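Below, each chain spelled out in residue letters.
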Amino acid sequence: MYPYRNQIQPRRRKRQLFNKDIENLLYAMGDGPVSLESTVACLEDCLVDYLTDLAHEALRYAKSQGRSRVKIDDLPFALRHDPMKLGRMNYMRDQLIKIEKAKKMYDTNNVNEKELFADDDDEGDDEDGEERAKKTAKKPKKKKPKKGIVSFDDSGSE
């Protein structure tokens, strides 16, 4: 079906990439607490093949757009023939956007971290705090008399 499969010689895959996940899904669907190794291996092969095909389809679309890397926006094109998966992906994308917006709102409502931990820094190093205070302390400015205005000092001179 895909031309890249004919060019690449079959190689031994690293097994057990998704073993625990597949076993948990099988248990959730009613299988026993321990699944057969052959069942898990078969499902893992199917999953890896599907993900490989999906990635190659997205890469093919990215190359047709003049890019060498796949973006998240290339996945809807790869899933365009399966409306259930495309709808699920769009739903998950929308939920992620909502979560990010909520996190931004939460972060802007909170006090700045620097303000929260400013007191902790001053307590730890007294010498650094004193040096900072000396550097940042404002020196009193000498007032210069304005031109044309006569000022009288306590010394009695004009």
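What this report covers is the structure whose coordinates are included nearby.

Thresholds applied
Each chain has its residues counted from 1, running along the sequence as written. Where totals are concerned, whole chains, interfaces and linings use all residues; where local detail is concerned, this predicted model gives features only for residues with pLDDT of at least 70, and gives and counts side-chain atom pairs only at 80 or more. Excluded from the side-chain calculation are hydrogens and water; included are all heavy atoms of the structure. Comment: elements are numbered from the N terminus, with helices defined as DSSP H or I runs of at least four residues and strands as E runs of at least two. Partly exposed describes any residue whose relative accessible area lies between the buried limit of under 20% and the exposed limit of over 50%, with all areas from a 1.4 Å probe on protein chains only and scaled to the type maximum. Should any heavy atoms of two residues lie within 4.5 Å, those residues are counted as being in contact. Using a 1.4 Å probe, accessible areas were evaluated by the Shrake-Rupley method; residue-level cover was limited to the displayed protein chains. Think of it this way: a Phe, Tyr or Trp ring, Trp meaning its six-membered ring, pairs with another when their centres are within 6.5 Å, and the plane angle makes it stacked under 30 degrees, edge-to-face over 60, tilted otherwise. Placement of a positive charge over a ring is assigned whenever Lys NZ or Arg CZ falls within 6 Å of the ring centre and within 35 degrees of the normal to the ring plane. By definition here, a helix of n residues has an expected span of 1.5 Å times n minus one. In this analysis, axes come from line fits to C-alpha atoms, helices being fitted only over the stretch in contact, and the angle between any two N-to-C directions falls in the range 0 to 180 degrees. In these notes the angle categories are as follows: under 35 degrees is roughly parallel, over 145 is roughly antiparallel, 65 to 115 is roughly perpendicular, and the rest is oblique. Each crossing gets its handedness from the near helix: less than a right angle anticlockwise from the far helix is left-handed, clockwise is right-handed. Here the term charged refers only to Asp, Glu, Lys and Arg, the term nonpolar to Ala, Val, Leu, Ile, Met, Phe, Trp, Tyr, Cys and Pro, and the term polar to all other amino acids, Gly among them. Any carboxyl oxygen of Asp or Glu within 4 Å of a side-chain nitrogen of Lys or Arg constitutes a salt bridge here. Two cysteine sulfurs form a disulfide in these notes if their separation is within 2.5 Å. For the purposes of this section, nonpolar cores are sets of buried Ala, Val, Leu, Ile, Met, Phe, Trp, Tyr and Cys residues that join through side-chain atoms within 4.5 Å.

Focus: the overall build of the chain
Here comes step 1: Scanning the chain from N- to C-terminus turns up eight helices and zero strands.
Here comes step 2: In sequence order, the chain lays out its α and β elements as α-α-α-α-α-α-α-α.
Here comes step 3: In the chain, which comprises 158 residues, the share counted as buried stands at 12%.
Here comes step 4: Taking as baseline every contact in the chain between residues at least 6 positions apart, the subset at least 24 positions apart corresponds to 38%.
Here comes step 5: Element-wise, carbon and sulfur atoms account for 54% of the exposed surface of the chain, whose accessible area totals about 15,000 Å².

Regarding the packing of aromatic side chains
Here comes step 1: All chains considered together, the criterion is met by one aromatic pair.
Here comes step 2: The aromatic ring of Phe77 is capped on one face by Arg80, whose charged end is 3.9 Å from the ring centroid.

Thoughts on helix H3 (residues 37-64)
Here comes step 1: In a regular helix each residue adds 1.5 Å, so 28 residues correspond to 40 Å; H3 covers 40 Å between its end C-alpha atoms and thus fits that length.
Here comes step 2: Residue Gly66 follows H3 closely and has a positive phi angle near 90°.

Here's the deal with the packing of helix H2 (residues 19-28) against H3
Here comes step 1: Between H2 and H3, whose axes approach to 10 Å, the crossing angle comes to 110°. Overall, the two elements H2 and H3 adopt an arrangement that is roughly perpendicular. Between H2 and H3 lies a crossing whose hand is right-handed. Between H2, through Asn19, Ile22, Glu23 and Leu26, and H3, the contact on the second element is made entirely by Thr39, Val40, Leu43 and Glu44.
Here comes step 2: Class assignment for the residues of the contact of H2 with H3 results in four nonpolar, two polar and two charged.

Considering the pattern of salt bridges
Here comes step 1: Here the structure, examined in full by the defined rule, presents five salt bridges.
Here comes step 2: A salt bridge links Arg60 to Glu57; the nearest nitrogen and oxygen atoms lie 3.0 Å apart. Linking Arg60 with Glu57, this pair stays in helix H3, spanning three residues, or about one helical turn.
Here comes step 3: Given a relative accessible area of 9%, Glu57 falls into the buried group.
Here comes step 4: We note a salt bridge from Asp74 to Arg67, for which the minimum N-O separation is 2.9 Å.

Some remarks on the state of the cysteines
Here comes step 1: Per the stated rule, a full pass over the model turns up zero disulfides.
Here comes step 2: There is no disulfide at Cys42, and the cysteine sulfur nearest it, in Cys46, is 4.5 Å away.

Side note on the nonpolar core
Here comes step 1: Of all hydrophobic cores here, the largest spans five residues; its members are Leu54, Ala58, Ala78, Leu79 and Met89.
Here comes step 2: The residues contacting Leu54, other than those within four sequence positions of it, are Leu75, Ala78 and Leu79.

Thoughts on the side chain of Asp74
Here comes step 1: Counting through the fold element by element, Asp74 comes out in the loop between H3 and helix H4 (75-78).
Here comes step 2: Dropping the residues within four chain positions of it, Asp74 is found in contact with Ala58, Tyr61, Ala62, Arg67 and Arg69.

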